[in-house]
Amino acid sequence: MAERWTIGEFSRITHLSIRTLRRYHEQDLLVPAEVDPVTGYRYYTPAQIKPALTIRRLRELDLPLADVRDFLRTGSGATDETGHPAAQQIVAAHLRRLEDRLGRTQRAVRTLRELLDPQTEPTVSLEDLPPQQVLAVSLDVPPGADLSWYDAAMNDLDTAAADRPVLPPGGRYQHTLFTDGHGHATVYLPAEGPLPPGAPSAVQVLHLPRRTAAVATHRGPHEDLDVTYSAVGSFAARNGLRSQDLVEEVYLVGPRDTDRPEHWRTLVAWLIEPASGRSTT
């Protein structure tokens with residue numbers, strides 16, 4: 001008879017509790033090599049040691065049960081449609097999710113610390129932004145849209161700008177784009193001169209007038225822009241400044257310049273009605 005162990009013996013060998021082994025059986029992760037039909041006793045074989053330890057590590061990584069089952073079914077030799085080991089791909093995809101979750105957690109912790117520290121609040125001032133000629137793409141962003149509209153607009157602007165030197169890009173957005181998930185947007189690149197021949201049809205020359213705004217510089221990734229928006233919005237409300245229902249962002253340093261979000265700098269300008277006055281506290 002092939003070597004076999006009771007659940008208690010297998011527990012001592014693997015350092016998995018009897019309760020855990022029973023749970024693995026119930027979840028169809030590690031089915032005993034034999035179950036006595038009369039007594040219900042579970043028996044395991046040496047070949048089940050490695051799968052048992054593997055399941056333990058996968059569950060410690062919070063790999064979903066369905067993915068654990070897929071991992072065990074694929075085996076070590078199976079490959080996916082790209083020729084890569086299928087089991088490794090399952091784990092690699094989960095590790096990428098964990099890394100993404102860790103990144104979000106780290107950003108949330110950093111932002112929370114800043115919110116709890118009054119000394120890190122953004123400095124807000126009332127400023128006049130100078131008039132400016134820009135190449136612009138304007139559009140109405142529909143409900144539920146992802147950010148592909150911004151990427152498409154920037155591609156058209158880069159094509160139109162060609163090799164001309166330009167200042168940092170920016171955008172003008174209706175507040176409803178953030179409050180309701182849809183609204184009007186204008187993405188722009190500051191550039192002198194007329195629109196070049198052959199420029200994409202969506203690109204137009206736009207003259208931005210002198211405009212008054214509550215202004216702050218956001219430092220870091222764009223996921224945390226709400227902190228700076230709250231600062232400029234509070235400043236405007238506290239000083240009785242009426243909003244134009246537009247906010248302007250200028251990407252002083254952004255993804256086009258560096259892939260390190262901690263180095264990004266975004267100017268946030270909450271556009272104010274000129275008649276609101278300039279007296280602030």
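Quick caveat: nothing in here was measured; it's all calculated off a predicted structure. (Residues numbered from 1 in each chain as written. Predicted model: local features only at pLDDT ≥ 70, side-chain atom pairs only at ≥ 80, totals over all residues. Heavy atoms only, no water.)

Student: Could you clarify how one ought to interpret unusual backbone geometry in this entry?
Tutor: Residues other than glycine predominantly adopt negative phi, and peptide bonds predominantly adopt the trans conformation. Of note in the backbone geometry, Asp 28 takes a positive phi value of approximately 65 degrees without being a glycine. Summarising the element assignment, Asp 28 is placed in the loop between helix H2 (18-26) and strand E2 (34-35). A residue is classified by how much of its surface remains accessible, and Asp 28, at 49% relative accessible area, is partly exposed. Residue Asp 245 is not a glycine yet carries a positive backbone phi of 65 degrees. With respect to the element layout, Asp 245 can be found in strand E10 (residues 243-253). A relative accessible area of 32% means that Asp 245 is categorised as partly exposed. (Helix = DSSP H or I, 4+ residues; strand = E, 2+ residues; numbered from the N terminus. Buried < 20%, exposed > 50% of the residue type's maximum accessible area, 1.4 Å probe, protein only.)

Student: Looking at this model, I keep getting lost on the packing of helix H1 (residues 7-14) against helix H3 (residues 49-60). Mind explaining?
Tutor: Angle between the axes and distance between the axes are the two parameters that describe a pair of packed helices. Axis separation between H1 and H3 bottoms out at 11 Å; the angle between their running directions is 65 degrees. Here H1 runs over H3; the crossing is right-handed. Here Phe 10, Ile 13 and Thr 14 of H1 come into contact with H3, specifically with Ile 49, Ala 52, Leu 53 and Arg 56. A breakdown of the residues in the contact of H1 with H3 according to their chemical character gives five nonpolar, one polar and one charged. (Axes fitted to C-alpha atoms, helices over the stretch in contact; angles between N-to-C directions. Left-handed = near helix turned anticlockwise from the far one by under 90°. Contact = heavy atoms within 4.5 Å. Nonpolar A, V, L, I, M, F, W, Y, C, P; charged D, E, K, R; others polar.)

Student: What's the story with the packing of aromatic side chains in this structure? I'm lost.
Tutor: A ring pair, where both rings are aromatic, is described by two values, the distance of the centres and the angle of the planes. Applying the stated criterion to the full structure yields seven aromatic pairs. For the ring pair Tyr 150 and Tyr 251, a centre distance of 6.1 Å and an interplane angle of 85 degrees mean the geometry is edge-to-face. Pair noted here: Tyr 150 is in helix H6 (residues 148-161) and Tyr 251 is in strand E10, with a separation of 101 residues, a long-range link. Between Tyr 173 and Phe 178 the ring centres are 6.2 Å apart and the planes differ by 85 degrees, which places this aromatic pair in the edge-to-face class. Look at Tyr 173 and you get buried, because its relative accessible area is 4%. Relative accessible area serves as the criterion here: at 44%, Phe 178 is assigned to the partly exposed category. Taken together, the ring pairs connect Trp 149, Tyr 150, Tyr 173, Phe 178, Tyr 229 and Tyr 251 into an aromatic cluster. (Phe/Tyr/Trp six-rings, centres within 6.5 Å; stacked < 30°, edge-to-face > 60°.)

Nothing here speaks to function; it is all geometry.
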